[in-house]
Amino acid sequence: MSFRARHLLGIEHLGPDEITALLDLADRYVALGRSAAKHADVLAGMTQINMFFEASTRTQSSFELAGKRLGADVMNMAMQASSLKKGETLIDTAMTLNAMHPDLLVVRHPNSGAVDLLAQKVTCAVLNAGDGRHEHPTQALLDALTIRRAKGRLHRLTVAICGDIAHSRVARSNLLLLGKMENRVRLVGPPTLMPAQAAEFGVEVTDDMREGLRDADVVMMLRLQRERMDGAFIPSEREYYHRFGLDAEKLAHAKGDAIVMHPGPMNRGVEIDGTLADDINRSVIQEQVEMGVAVRMAAMELLARNLRAARENGDG
Ligand code: NCD
């Protein structure tokens, strides 16, 4: 079996063969999700706990649905109401939950690195559902599956990732994954929203949307992450939309069959034109949501298999 990972903490730790194995399995779950009987009970008897320390709509609901479709007992911790409010640390909370013998722990946290730290303390498999501006591996994997299905391949494509790159774990995980699969990645955005080390990732960097989108196969738009900004990064939303917002005129510089992506939640009229986002001939934003459930089912199944094998060998 080519998927070796014990946790899913980031794309950084995955090999191309592991990515392909996961996407192949996810493809099967897309078909299952479209049928009337959506259950595959590969996690029957297992316990999945979702701990979200940051707001989430798509990611949390799709992890919950993925676990339920695989037959796990799924518990969503209401982190706002938990003992964290009483001053308990992240690690204490995790150890308390660990004592209840969960098999899968899905964690989103505002601090980069918090999920890695937690994974070192618990005995179950940990899935990173987004940590600060570090990584969001299942988002990159669902984006990859969406691209592979729309374009028929996941290599030698030109992908423009546009907008608030500096604060985006989605951008980071995506550029790692797309790089591992040998695609050409361009980062497009204002210099204030571009990480200082951008050029070190081996990608092209530009602050000109028309240049960045030229002949692109995939245009991935990102949300302005205001909650991670502690000052003025853009002059005004109107000005930002004018220069960096995706509309039909800017998209015309990409290939005629280029697809438009956005991880959500979208700010219509800020980073993307609302009509374009809803255009089913160009936008695959709804497909991304559908792929999210399938990719999370595949990730949890593969980790559960490795967890069972480790326990059988006595090193779990
Ligand atoms: C992203 C996230 O939380 O990092 N959203 C998501 O998971 N669908 C992107 C964002 O919040 O803009």
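Residues numbered from 1 in each chain as written. Predicted model: local features only at pLDDT ≥ 70, side-chain atom pairs only at ≥ 80, totals over all residues. Heavy atoms only, no water.

**Notes on the nonpolar core**
Item 1. Counting 66 residues, the largest nonpolar core has Leu127, Leu141, Ile161, Leu177 and Leu187 as the members making the most contacts within it.
Item 2. Per-element accounting of this core gives the leading share, 12 residues, to helix 11 (residues 285-312).
Item 3. The contact partners of Ile161, leaving out residues within four places of it in the chain, are Ala171, Asn174, Leu175, Leu178, Val185, Arg186, Leu187, Val188, Met220 and Leu222.
Item 4. Counting residues in hydrophobic clusters, the runner-up holds 24 residues, among them Leu193, Leu213, Leu246 and Leu276. (Core = buried A, V, L, I, M, F, W, Y, C linked by side-chain atoms within 4.5 Å. Buried < 20%, exposed > 50% of the residue type's maximum accessible area, 1.4 Å probe, protein only. Helix = DSSP H or I, 4+ residues; strand = E, 2+ residues; numbered from the N terminus. Contact = heavy atoms within 4.5 Å.)

**Some thoughts on the site of the ligand**
Item 1. Taken together, Arg58, Thr59, Arg108, His136, Gln139, Arg169, Val170, Arg223, Gln225, Pro263, Gly264 and Pro265 form the complete shell of residues around the ligand.
Item 2. A distance of 3.5 Å separates a nitrogen atom of the ligand from a polar side-chain atom of Gln139.
Item 3. With respect to the ligand, the side chain of Arg169 contributes an N or O atom lying 2.7 Å from an oxygen atom.
Item 4. If the ligand stood free it would expose 320 Å²; the protein chains cover 94% of that surface.
Item 5. For the shell around the ligand, a count of residues per class yields three nonpolar, five polar and four charged. (Near = heavy atom within 4 Å. Polar contact = N/O pair within 3.5 Å; in protein donor to acceptor, adjacent residues only side chain to side chain. Areas by Shrake-Rupley, 256 points an atom, 1.4 Å probe, with all protein chains shown as cover. Nonpolar A, V, L, I, M, F, W, Y, C, P; charged D, E, K, R; others polar.)

**Remarks on the pattern of salt bridges**
Item 1. Applying the stated rule across the entire model yields 21 salt bridges.
Item 2. Between Lys151 and Asp257 there is a salt bridge, with its nearest N and O atoms 3.7 Å apart. Here the residue Lys151 occupies a position in helix 5 (residues 137-151), and Asp257 occupies one in the loop between helix 9 (248-251) and strand 9 (259-261), the gap between them amounting to 106 residues.
Item 3. Lys151 sits in the buried class, given a relative accessible area of 17%.
Item 4. A salt bridge links Glu204 to Arg186, with the shortest nitrogen-to-oxygen separation between them at 3.1 Å. Taken together, the positions of Glu204 in strand 7 (residues 204-206) and Arg186 in strand 6 (residues 184-188) put the pair 18 residues apart, joining distant regions of the chain.
Item 5. A residue is classified by how much of its surface remains accessible, and Glu204, at 33% relative accessible area, is partly exposed.
Item 6. Here Arg186 falls in the buried class, since its relative accessible area comes to 9%.
Item 7. Shared partners join several salt bridges into a network, and the residues in it are Asp24, Asp27, Arg148 and Arg149. (Salt bridge = Lys/Arg side-chain N within 4 Å of Asp/Glu carboxyl O.)

**Quick look at the packing of helix 2 (residues 58-69) against helix 11**
Item 1. It is the contact of helix 2 with helix 11, at a shortest axis distance of 8 Å, that shows an interaxial angle of 50 degrees. The angle between helix 2 and helix 11 falls in the class oblique. Considering how the two elements wind past one another, helix 2 and helix 11 form a crossing that is right-handed. When helix 2 is examined against helix 11, the residues Arg58, Thr59, Ser62, Phe63, Leu65, Ala66, Gly67 and Arg69 are found in contact with a partner set consisting of Val289, Gly292, Val293, Arg296, Met297 and Met300. (Axes fitted to C-alpha atoms, helices over the stretch in contact; angles between N-to-C directions. Parallel < 35°, antiparallel > 145°, perpendicular 65-115°, else oblique. Left-handed = near helix turned anticlockwise from the far one by under 90°.)

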